Amino acid sequence: MIDVKAEDGIATVTIRYGKANALDIALCEGLAKCFEDLRASDARAVVVTGQGRIFSGGVDLLQVTAGGADYVRKFLPTLHRLYDAVFFHPRPVVAAINGHAIAGGCVLACCADRRIMARGGGRMGVTELLVGVPFPALAFEIMRFAVPRLHLPEFTFGGATYDVEAALAHGWVDEVAEADALPQRAVAAAKSLARLSPLAFAQTKKQLRQEVAERVERSGAMTDATVADIWTEALDYVRAYAARTLNKS
């Protein structure tokens, strides 16, 4: 499910989970625990990437629709735990986006301090509203933090996905690398950030993310309760969207 390899103080976390690295309870819990464990490791920085041509296809909608309301109410807190573990990780995190990063997978990439995308056929964007569900509190705050404010309404309401060059132009990613050079480029970026004082980096990162933490602390529970209700009420809509997506593929 998750491979972790450490070399020269850099931990590379590779997601290998089915065809699309789709987020379900098991993967969210596994990735969250991985990043929580890395806090106690000797790793000075982390690279997170996927397998093949997919970084992560987002939430596993088939699991959501099959599991129904009970599954949704168990799944959303595990998704929050995952984003919390990656976004607030005190050491540098670089996302090596090897392919498609869609919906929840796009949010996962946006948890990183630096995002580098492989040139090729991958696309990036948040399609939640097309699916018929709103963003959980932390997921939305990560989006608000990570992307240019000018484009946030377009990204969230439009639900479009962007090819590599458009993702770079719109601020989804910080740079683009050739696919075969992506791992090396991501590690180099991680090493560059890791050369900074660990204590100074962690404190600065905490300050940069402080407004996110405060907003979630202030109103996250109320927002997430509403979001969970809407997700459970939208299951028929989600089921229809998933069926259309499968038919297209």
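Above this text sits the structure in question.
Note on numbering: residues in each chain are counted from 1, in written sequence order. Under the rules for a predicted model, residues below a pLDDT of 70 receive no local features and side-chain atom pairs below 80 are neither given nor counted, while totals for whole chains, interfaces and linings still include all residues. Excluding hydrogens and water, the side-chain figures rest on all heavy atoms present in the structure.

## Concerning the pairing of strand S7 (residues 114-118)
If a strand is regular, its side chains alternate between the two faces of the sheet.
Point 1. Accessibility here uses a 1.4 Å probe with only protein chains present; expressed as a share of the type maximum, an area under 20% marks a residue as buried, one over 50% as exposed, and anything in between as partly exposed. Helix numbering and strand numbering both begin at the N terminus, where a helix is a DSSP run of H or I of at least 4 residues and a strand a DSSP run of E of at least 2. Along S7, four of the five residues are buried, which leaves the element largely enclosed by surrounding structure.
Point 2. Pairs of strands are assigned from DSSP output, requiring at least two bridges between the strands. Relative to S7, strand S5 (residues 93-97) is paired through four bridges, and the arrangement is parallel. Along S7, the bridge assignment pairs Ile97 with Met117.
Point 3. Where S7 and strand S10 (residues 175-177) come together, three bridges link them in parallel fashion.

## Considerations on the packing of helix H2 (residues 61-87) against helix H5 (residues 137-146)
Point 1. Running from N to C, H2 and H5 cross one another at 35°; their axes reach a closest spacing of 9 Å. Along its contact with H2, which presents His80, Tyr83, Asp84 and Phe87, the element H5 presents Leu138, Ala139, Ile142 and Phe145.
Point 2. In the contact of H2 with H5, the residues fall into six nonpolar, one polar and one charged. Think of each axis as a best-fit line through the C-alpha atoms, taken over the contacting stretch in the case of a helix, with angles from 0 to 180 degrees between the N-to-C directions. Pairs of residues are marked as contacts when any of their non-hydrogen atoms sit within 4.5 Å. Classification used: nonpolar for Ala, Val, Leu, Ile, Met, Phe, Trp, Tyr, Cys and Pro, charged for Asp, Glu, Lys and Arg, polar for all others including Gly.

## What about the sheet that holds strand S4 (residues 54-56)?
Point 1. The mixed open sheet is built from four strands, whose spatial order is S4-S6-S8-S9. Among the strands making up the open sheet, the edge pair consists of S4 and strand S9 (162-163).
Point 2. Pairing of S4 with strand S6 (residues 100-102), which is carried by two bridges, proceeds in the parallel orientation. Within S6, the position partnered with Ile54 by the bridge is His100.

## Brief notes about the pattern of salt bridges
Point 1. Any Lys or Arg side-chain nitrogen found within 4 Å of a carboxyl oxygen on Asp or Glu counts as a salt bridge. Counted by the stated rule, this structure contains 15 salt bridges.
Point 2. Glu36 is the partner of Arg81 in a salt bridge, and the nearest nitrogen-oxygen pair spans 2.8 Å. Placement of Arg81 in helix H2 and of Glu36 in helix H1 (residues 25-38) is noted, with a sequence separation of 45 residues between them.
Point 3. Look at Arg81 and you get partly exposed, because its relative accessible area is 31%.
Point 4. One salt-bridge network, in which partners are shared between bridges, spans Glu141, Arg144, Glu211 and Arg215.

## Brief notes about the nonpolar core
Point 1. By size, the foremost hydrophobic cluster in this structure holds 68 residues, and its most contacted members are Phe75, Tyr83, Ile97, Met124, Met143 and Trp172.
Point 2. The dominant element in this core, judged by the number of residues it contributes, is H2, at 11 residues.
Point 3. Excluding residues that lie within four positions of it along the chain, Tyr83 makes contacts with Leu23, Phe88, Gly104, Val107, Leu108, Cys111, Leu138, Ala139 and Ile142.
Point 4. For our purposes a nonpolar core is just a set of buried Ala, Val, Leu, Ile, Met, Phe, Trp, Tyr and Cys residues, chained together by side-chain atoms within 4.5 Å. Ranked by size, the runner-up nonpolar core spans 13 residues in total, among them Val47, Ile116, Ala118 and Ala189.

## Let's talk about the packing of aromatic side chains
Point 1. In summary, the pairing rule links any two rings of Phe, Tyr or Trp, Trp by its six-membered ring, whose centres are within 6.5 Å, and it sorts them by plane angle into stacked for under 30 degrees, edge-to-face for over 60 and tilted for everything else. For the structure on display, the rule yields seven aromatic pairs.
Point 2. Geometrically, the ring pair formed by Tyr71 and Phe75 is stacked, given 5.9 Å between the ring centres and 10° between the ring planes. Separated by four residues within a single helix, Tyr71 and Phe75 lie in helix H2, roughly one turn from each other. The pair formed by Tyr71 and Phe75 is uniform in burial state, with each residue classed as buried.
Point 3. Look at Phe135 and Phe140: their rings are 6.1 Å apart centre to centre, the planes differ by 65°, and that puts the pair in the edge-to-face class.
Point 4. Phe135 sits in the buried class, given a relative accessible area of 8%.
Point 5. Exposure remark for Phe140: the relative accessible area of 26% places this residue in the partly exposed category.
Point 6. One aromatic cluster is present, formed by Phe87, Phe88 and Phe145 through successive ring pairs.
Point 7. Working rule: Lys NZ or Arg CZ, within 6 Å of ring centre, within 35 degrees of ring normal, means a charge sits over the ring. Cation over ring: Arg209 sits above Phe87, and NZ or CZ is 4.3 Å from the ring centre.

## Looking at empty space enclosed by the protein
Point 1. Both cavities and pockets are sets of points on a 1 Å grid over the protein atoms alone; in a cavity a 1.4 Å probe fits but cannot get out, in a pocket the set is open with protein on both sides within 12 Å along at least five of seven lines, and lining residues sit with an atom within 4 Å of a point. Grid points are joined across faces, edges and corners, and a volume is the space filled by probe spheres set on the points. Under the counting rule described, the total for this entry stands at one cavity of 30 Å³ or more.
Point 2. As a volume, the largest cavity reaches approximately 40 Å³.
Point 3. Lining the largest cavity, in full, are Val59, Leu79, Tyr83, Gly104, Val107, Glu128, Pro136, Ala139 and Trp231.
Point 4. Broken down by secondary-structure element, the contributors of at least two residues to the lining of the largest cavity are H2 and helix H3 (104-110).
Point 5. For the lining of the largest cavity, the class distribution of residues is seven nonpolar, one polar and one charged.

## Details of the sheet that holds strand S3 (residues 45-49)
Point 1. With mixed pairing, the six strands of this open sheet are ordered in space as S1-S2-S3-S5-S7-S10. The strands lining the two open edges of the sheet, one partner per strand, are strand S1 (2-7) and S10. Along the sheet, successive strands turn relative to each other by an average axial angle of 20°, direction set aside.
Point 2. Where strand S2 (residues 10-15) lies against S3, five bridges are found, and the strand directions are parallel. By the bridge assignment for S3, Thr14 is matched with Thr49.

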